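One-letter residues, chain by chain:
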Amino acid sequence: MTESLVLEQRVIPGTTISVSPLGLGTVKIGRDQQVKYPEGFTIPDDNTVLRLLDLCQSRGINLLDTAPAYGSSEQRLGKLLGHRRKDWVICAKVGEEFERGQSRFDFSPKHIRLSVERSLKRLKTDYLDIMLVHSSGDDVAIIHHSGCLETLAALKKEGLVRATGMSTKTVEGGILALQSSDIGMVTYNLNDQGEKPVLDYARQHQKGILVKKALASGHVCLTGQDPVFESMRLVFSHPAVSSAVIGTINPMHLESNINAYLTACASNP
């Protein structure tokens, strides 16, 4: 039975970081404004989040994805993880802030350093496993003119960050970011495979790939087919993918996603 199986971790290429093939996205534990999901939701209380984290651990999920733009996500994780911090791989971000219902972006070296130091305090840790630039969409200009990746590289040398990268929105930006960092985060799903060249580049150059919106934020519609299974089969058919981040606060959805992944992997040649 797939319900009893624990996900096997894999090392992200070019790093020493081992992650589960599925990660837990945590925007829904900290923010319910200006989010692009087909159905509304209520931010869960601490006990509900703890049960979700326990379920993740019981099934082998060790990757948590968070960001300053995810409302109170970082603060809540810092409080709830407690002594279990070392059991998790935390992927955090810099560059985007969400204040008074609006996003704003700051990719300056000063803000990048301030943001990393703030995330360390919020998450109650002395290191962050993965730190990604949270792009506004103007990937190439950000990389060329802000110094954000160079600042993250310096923070990595200081031991505050284990791996660096960028969550991008363009093919050119995704490849450019990987040329001077460790990991890329890209959109790749049944509705949108436009960033596949970034995955191909990562595979060729031993770089890590995390997939965002693997289930198209719940907007996939396939007549007569299981969209979750088909999504998992597509995403993990590409050998560059280390992990796909799934943003759910529903334990049943999490279980079904895990089982769909296991079934998809068994069906992939």
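Residues numbered from 1 in each chain as written. Predicted model: local features only at pLDDT ≥ 70, side-chain atom pairs only at ≥ 80, totals over all residues. Heavy atoms only, no water.

Colleague: Give me the lowdown on the overall build of the protein, citing residues and values where you can.
Modeller: Per the secondary structure count, the protein includes nine helices and 12 strands. Taking 18 Å as the expected radius of gyration for a compact globule of 269 residues, we find that the protein reaches 17 Å, a close match to that expectation. Evaluated residue by residue, the protein yields a buried proportion of 55% over its 269 residues. Taking the intrachain contacts of the protein between residues at least 6 apart in sequence as the baseline, contacts between residues at least 24 apart amount to 75%. A total accessible area of about 11900 Å² is found for the protein, and carbon and sulfur atoms account for 51% of it. (Helix = DSSP H or I, 4+ residues; strand = E, 2+ residues; numbered from the N terminus. Rg over C-alpha atoms; globule rule 2.2 N^0.38 Å. Buried < 20%, exposed > 50% of the residue type's maximum accessible area, 1.4 Å probe, protein only. Contact = heavy atoms within 4.5 Å. Areas by Shrake-Rupley, 256 points an atom, 1.4 Å probe, with all protein chains shown as cover.)

Colleague: I'd like a rundown of the packing of helix 3 (residues 109–122) against helix 5 (residues 148–157), residues and numbers included.
Modeller: At a minimum axis separation of 9 Å, helix 3 and helix 5 run at an interaxial angle of 40°. Classed by the angle they form, the pair helix 3 and helix 5 counts as oblique. You can see that helix 3 and helix 5 cross each other, and the crossing is right-handed. Residues P109, I112, R113 and V116 of helix 3 lie in contact with helix 5, whose contacting residues are C148, T151, L152 and L155. Per-class residue counts for the contact of helix 3 with helix 5 are six nonpolar, one polar and one charged. (Axes fitted to C-alpha atoms, helices over the stretch in contact; angles between N-to-C directions. Parallel < 35°, antiparallel > 145°, perpendicular 65-115°, else oblique. Left-handed = near helix turned anticlockwise from the far one by under 90°. Nonpolar A, V, L, I, M, F, W, Y, C, P; charged D, E, K, R; others polar.)

Colleague: Give a detailed account of the pairing of strand 6 (residues 96–99), specifying residues and quantitative values.
Modeller: With four bridges connecting them, strand 6 and strand 7 (residues 102–105) associate as antiparallel partners. By the bridge assignment, E97 is partnered in strand 7 with R104. Following strand 6, the chain reverses through two residues before pairing antiparallel with strand 7; R100 in that reversal takes a positive phi of roughly 50°. (Pairing = 2+ DSSP bridges.)

Colleague: So what's going on with the pattern of salt bridges? Which residues, and what values?
Modeller: In the structure shown here, the tally under the stated rule is 14 salt bridges. As a salt-bridge pair, D46 and R76 come within 2.8 Å of each other at their nearest N and O atoms. Separated by 30 residues along the polypeptide, D46 in helix 1 (residues 46–58) and R76 in helix 2 (residues 73–81) bring together distant segments of the chain. Its salt-bridge partner being D54, residue R84 comes within 2.8 Å of it at the nearest N-O pair. With R84 in the loop between helix 2 and strand 5 (89–94) and D54 in helix 1, the pair connects residues that are 30 residues apart, well separated along the chain. With a relative accessible area of 13%, R84 lands in the buried category. In this structure D54 comes out as partly exposed when scored by relative accessible area, which is 40%. Here the salt bridges do not stand alone but share partners, grouping D46, R76 and K79 into one network. (Salt bridge = Lys/Arg side-chain N within 4 Å of Asp/Glu carboxyl O.)

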